[in-house]
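Next come the chains, spelled out residue by residue.
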Amino acid sequence: MKIFLILVALLPLGVAYFRLDSAIDPIKMLYSTTGIGSIVLLLLSLFPSFCKRICHINQLRYRKTLGLLSFLYALLHVSVFIVLDSECDFVSIFEKSLKKPFIYIGLIAFMIMLLMALTSTKRSFARFSKYHKAVYLALVLALVHSFWAQKVAGVFEYSIIFMGIVLLGERVWVKMHNSL
C-alpha cells in the first residue's frame, strides 16, 4: 500500500515533467505543482491521526510516508526558487525576499519540515518526537505562505485553508478537553 501511496503522490511531478514543454511559464507551473503538492501532502499527513481519533480507523503507518513526501515536494519547491528562478544568485534571492516577505514565512515552514524529516528515523524520533508537534506550526506557516503568494485566491486555496482549520481545530479541541 505504501508503494501505491508513493506512486500516487509522485504522479503530479510526472505530469508536470511531461507538460514542461507546453507550459506558458514552466517555472510558475513547477512552483504551483511543488507548492500545492507539499501543502496537500502535509495536510494528508495529519489526517491519519484525525481519522484515528474521530473514526477509530488506524492509518498511522502512512503518516511518516506522507510527511516525507510533503518534505520532498517542499524541497523541490525551494529548489525551483533557488536554482531555476534565481539561478543560485543569492543577492537576487535576498532582494526578492525583501520585496516578498511571504518567502520568509515559507522558509521557516521549510526549516521546520527539514528538522522533522531529519529526525524521522526510529532512533531519532524516539528522542525528538515531542518536537514533531511543530508540524502544526509548519502547516499554519505553509498555508499563510501559500495564501499570501497568490495574487487571487480561489476555491482551491480557500478549501485548503478550511481543511487546515478543521484539522488544527480538532487537534486544539482534543488538547483542551484532555487537559480538563
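Keep in mind that this is a model prediction, so the values were computed, not measured.

Chemist: Give me the lowdown on unusual backbone geometry, citing residues and values where you can.
Modeler: Most of the time, phi is negative for any residue but glycine, and the peptide bond is trans. In the Ramachandran plot, H56 falls in the positive-phi region, its phi being about 60° despite a non-glycine side chain. When you line up the elements, H56 lands in the loop between α2 (26-54) and α3 (63-85).

Chemist: Quick rundown of the pattern of salt bridges? Include the residues and the values.
Modeler: Two side chains with opposite charge may pair up if their charged atoms get near one another. Per the stated rule, a full pass over the model turns up two salt bridges. The partner of R53 in a salt bridge is E170, with the nearest N and O atoms 2.7 Å apart. Residue R53 is found in helix α2, and its partner E170 is found in helix α8 (residues 155-179); the two are separated by 117 residues along the sequence. Classification of E170 by relative accessible area gives buried; the value is 10%. When the shortest N-O distance is used, the salt bridge between D85 and K96 registers 3.6 Å. Separated by eleven residues along the polypeptide, D85 in helix α3 and K96 in helix α4 (residues 90-99) bring together distant segments of the chain. Residue classification places D85 among the partly exposed positions, given a relative accessible area of 30%.

Chemist: Requested: an account of the packing of aromatic side chains, with residues and values cited.
Modeler: Counted by the stated rule, this structure contains four aromatic pairs. For the ring pair F71 and F110, a centre distance of 5.6 Å and an interplane angle of 15° mean the geometry is stacked. In this pair, F71 sits in helix α3 while F110 sits in helix α5 (residues 102-118), placing the two residues 39 residues apart along the sequence. Each of the two residues, F71 as well as F110, counts as buried. Ring geometry for F147 and Y158: centres 5.6 Å apart, planes at 65°, overall edge-to-face. One end of the pair, F147, is in helix α7 (residues 135-149); the other, Y158, is in helix α8, with eleven residues separating them in the sequence.

Chemist: Can you lay out the packing of helix α1 (residues 2-19) against α3 for me, pointing to particular residues and giving the numbers?
Modeler: Between α1 and α3, the shortest axis-to-axis distance is 11 Å and the interhelical angle comes to 20°. Considered as vectors, α1 and α3 are oriented roughly parallel to each other. Note that α1 runs across α3; the crossing there is right-handed. Within the contact between the two elements, α1 uses K2, L5, I6, A9, L10, P12 and L13 and α3 uses T65, L66, L69, L72, Y73 and L76.

Chemist: So, the layout of surface pockets: which residues are in play, and what are the values?
Modeler: In this structure, the largest pocket encloses a volume near 1200 Å³. Lining the largest pocket are 42 residues, and of these Y31, H77, F102, H145 and A149 lie nearest its centre. The set of elements that each furnish at least two residues to the lining of the largest pocket consists of α2, α3, α4, α5, α7 and α8. With ten residues, α2 is the single largest residue contributor to the lining of the largest pocket. Within the lining of the largest pocket, the residues separate by chemical class into 25 nonpolar, ten polar and seven charged. The computed volume of the second largest pocket comes to approximately 600 Å³. Considering the residues around the second largest pocket, the lining is formed by 24 residues, among which R63, K64, F125, H132 and V135 are closest to the centre. Elements with a minimum of two residues in the lining of the second largest pocket: α2, α3, α5, α6 (122-128) and α7. Within the lining of the second largest pocket, the residues separate by chemical class into eleven nonpolar, seven polar and six charged.

Rules of the game
- Residues numbered from 1 in each chain as written.
- Predicted model: local features only at pLDDT ≥ 70, side-chain atom pairs only at ≥ 80, totals over all residues.
- Heavy atoms only, no water.
- Helix = DSSP H or I, 4+ residues; strand = E, 2+ residues; numbered from the N terminus.
- Salt bridge = Lys/Arg side-chain N within 4 Å of Asp/Glu carboxyl O.
- Buried < 20%, exposed > 50% of the residue type's maximum accessible area, 1.4 Å probe, protein only.
- Phe/Tyr/Trp six-rings, centres within 6.5 Å; stacked < 30°, edge-to-face > 60°.
- Axes fitted to C-alpha atoms, helices over the stretch in contact; angles between N-to-C directions.
- Parallel < 35°, antiparallel > 145°, perpendicular 65-115°, else oblique.
- Left-handed = near helix turned anticlockwise from the far one by under 90°.
- Contact = heavy atoms within 4.5 Å.
- 1 Å grid on protein atoms, 1.4 Å probe; cavity = no way out; pocket = protein on both sides within 12 Å on 5 of 7 lines; lining within 4 Å.
- Points joined across faces, edges and corners; volume = space filled by probe spheres on them.
- Nonpolar A, V, L, I, M, F, W, Y, C, P; charged D, E, K, R; others polar.

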